[in-house]
Amino acid sequence: MILLGFLDSLFKKKIEGKTAEEWYRLATSETDPEKKIEYFDKVLKLKPDFAGVWNLRGLEYVILRRYEEAIASFDKALEIRPVYPEAKYNKEDAETELRKMGVSKTKAEDQREKSIVEEAEM
C-alpha cells in the first residue's frame, strides 16, 4: 500500500494541489491570455518537455503582441519536437509580425523626426 502511494505521487506530481493535466484543463478553458500563460507555466514546471504546451504558450504571447517571448516558446517546442509543423508556422508568423513592428516603429520615428525638423524650420 505504501509503495502504491509513492508511485502515485511520482506520476501525479502537483503544484498548488493540481496536476499538470488539471492546470492544462484550466489553461485551455481560460479566456485571459495572461492567466493562460500562468497556467501553462505551471504545466511546464511539472512537464517541461510538453512541446504542445510550449506552442500554445507561444500563441498566447502572440495575442499579447509579445513576439519575442512567443518566438522563444516556439523555439522550445521545436527543440523538444523538431518536426512540429504548427510550431514552425507559428514561429514564422511571430517573426513576420515582429519585423512589421520594427518597420512601423522606424516609420513612426522617421515621421516624428520630420515633424520636428519642419517645426524648427518655421
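This one's a predicted model, so the numbers in the text were calculated from it and none came from an experiment.

Quick notes on the rules
- Residues numbered from 1 in each chain as written.
- Predicted model: local features only at pLDDT ≥ 70, side-chain atom pairs only at ≥ 80, totals over all residues.
- Heavy atoms only, no water.
- Helix = DSSP H or I, 4+ residues; strand = E, 2+ residues; numbered from the N terminus.
- Polar contact = N/O pair within 3.5 Å; in protein donor to acceptor, adjacent residues only side chain to side chain.
- Contact = heavy atoms within 4.5 Å.
- Core = buried A, V, L, I, M, F, W, Y, C linked by side-chain atoms within 4.5 Å.
- Buried < 20%, exposed > 50% of the residue type's maximum accessible area, 1.4 Å probe, protein only.

Caption draft 1: Region of the structure containing the side chain of Asn55. With respect to the helices and strands, the residue Asn55 is situated in helix α4 (residues 51-63). At 3.0 Å, the side chain of Asn55 forms a polar contact with the side chain of Asn90. Those residues in contact with Asn55, other than ones at most four positions away along the chain, are Phe74, Ala77, Tyr84, Glu86, Ala87 and Asn90.

Caption draft 2: The nonpolar core, seen in detail. Ranked by size, the top nonpolar core spans 16 residues in total, and within it Trp23, Val43, Leu46, Val53, Ala77, Tyr84 and Ala87 carry the most contacts. Top element by residues in this core is helix α3 (residues 33-46). It accounts for five residues. Discounting residues that sit within four places of it in the chain, Tyr84 has contacts with Ala51, Gly52, Asn55, Ala77 and Leu78. Counting residues in each nonpolar core, the second largest holds seven residues, with Ile37, Tyr67, Ile71 and Phe74 among its members.

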